[in-house]
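Commentary on secondary and tertiary structure
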Amino acid sequence: MKNIKIVFKKLNNLKGGVSMDAVLKVLREFDRLQDNEDFPTLEFVEKSLAEYGYLNLVIFVCPKMRGKYLSSDQRELFMPTEEPKDGLFFPRVPKLQQLTTKLWELGIPSKLTIIVGDNSYEVFKAPVLGNELNKEIMNERRKAYVSSLNQQLSKMFPQLMEICSLGLMGSGTYQGKMEIPQDMLLREAEFQRESLQKYYGIAEPKDSDLLKIAELMLRAYAEEGYLIEATEGILLATEGTEQTESWVRRIQMFKLGDAKFPCIYPYIRKES
């Protein structure tokens, strides 16, 4: 990892004999994946509460980037300075509030660690396609986005909260040894083809470029997997389609470098 460090605030250890089975029951209530192999264990929950006095819930936010600006003379406007209400994140807030409320009713405090995925273009697209962005300007816009999001969410969540920007932390690509399954590489290359056409106006990207972008993307996910592990939290999966298996594939990408962390799936749109 590239000097990524998250500082946790400790609370007094919980008292009063809260049932760990009750905690797991709440987590299962919000987990829409049958036979979830990454579901938090009793030992994980007990250790988290003993060490920190709360459960850390980790969730990613993908800003609503504006690809049209990449072909302008103000390319950095690509990065928004606030999250719009019609973006991907705010529709997820009600369920997140329900989860934290249910935990609090048991006497279990929670912390939200919100990771802003704001560096994907620079980490795995620009190195292949060019069109570099000004890092200083991008970081100022990232800071503005984090500040705006913090102001909005502080009114909705009274508990501990930490908002982290991948770009500001310097998260990059995993440099260790890891095996990338060929079917995964090809699938993500095709995903990049669709993404470049839809959001960036690149009608016919080269197959060789797509494969390079896909490998860098997978290495970026593996690096982020270790960031999730470092939070010692429970990831709330947010990436997937109508196909249930697509949600699991995203978690597999986070674990390509062998990072280890528990995960639940509150946002699966359709169970098959």
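Summarised in this report is the structure supplied together with it. (Residues numbered from 1 in each chain as written. Predicted model: local features only at pLDDT ≥ 70, side-chain atom pairs only at ≥ 80, totals over all residues. Heavy atoms only, no water.)

What about the packing of helix α1 (residues 20-29) against helix α3 (residues 93-105)?
- α3 packs onto α1 with a crossing angle of 165° between their chain directions and a minimal axis gap of 10 Å. By the angle between their directions, the pair α1 and α3 is classed as roughly antiparallel. Handedness of the crossing formed by α1 with α3: right-handed. Across from Val 23, Val 26, Leu 27 and Glu 29 in α1, the residues of α3 making contact are Leu 99, Lys 102 and Leu 103.
- Residue composition of the contact of α1 with α3, by class: 5 nonpolar, no polar and 2 charged. (Axes fitted to C-alpha atoms, helices over the stretch in contact; angles between N-to-C directions. Helix = DSSP H or I, 4+ residues; strand = E, 2+ residues; numbered from the N terminus. Parallel < 35°, antiparallel > 145°, perpendicular 65-115°, else oblique. Left-handed = near helix turned anticlockwise from the far one by under 90°. Contact = heavy atoms within 4.5 Å. Nonpolar A, V, L, I, M, F, W, Y, C, P; charged D, E, K, R; others polar.)

Quick notes on the sheet that holds strand β3 (residues 160-165)
- Read from one edge of the open sheet, 5 strands run β3-β2-β1-β4-β5, paired in parallel fashion. If you trace the sheet from one side to the other, it starts and ends with β3 and β5 (263-264), each paired once.
- As defined by bridge partners, strand β4 (residues 234-236) adjoins β5 across 2 bridges and the pair is classed as parallel. When the sheet's bridge partners are listed, Leu 235 is paired in β5 with Cys 263. (Pairing = 2+ DSSP bridges.)

Remarks on the packing of helix α7 (residues 182-199) against helix α8 (residues 207-231)
- At a closest axis distance of 8 Å, the pairing of α7 and α8 adopts a crossing angle of 110°. Taken as axis vectors, α7 and α8 run roughly perpendicular relative to one another. Crossing angle aside, the handedness with which α7 passes α8 is right-handed. For the pair α7 and α8, the contacting residues are Met 184, Leu 185, Leu 186, Glu 188, Ala 189, Phe 191, Gln 192, Arg 193 and Leu 196 in the first and Asp 207, Leu 210, Leu 211, Ile 213, Ala 214, Glu 215, Met 217 and Leu 218 in the second.
- The residue makeup of the contact of α7 with α8, split by class, is 12 nonpolar, 1 polar and 4 charged.

Looking at the nonpolar core
- Grouped together as the largest cluster of nonpolar side chains are 79 residues, with contacts concentrated most on Leu 27, Leu 99, Ile 114, Leu 149, Leu 153 and Leu 235.
- The dominant element in this core, judged by the number of residues it contributes, is α8, at 10 residues.
- Not counting residues within four places of it along the chain, the set of residues in contact with Leu 99 comprises Val 26, Leu 27, Phe 30, Leu 57, Leu 236 and Ile 264. (Core = buried A, V, L, I, M, F, W, Y, C linked by side-chain atoms within 4.5 Å. Buried < 20%, exposed > 50% of the residue type's maximum accessible area, 1.4 Å probe, protein only.)

A short note on unusual backbone geometry
- For Asp 35, which is not glycine, the phi dihedral falls at a positive 55°.
- With respect to the helices and strands, the residue Asp 35 is situated in the loop between α1 and α2 (42-52).
- A relative accessible area of 73% means that Asp 35 is categorised as exposed.
- A positive phi angle, near 60°, is found at Asn 131, a position not held by glycine.
- Relative to the helices and strands, Asn 131 resides in the loop between α4 (120-129) and α5 (135-154).

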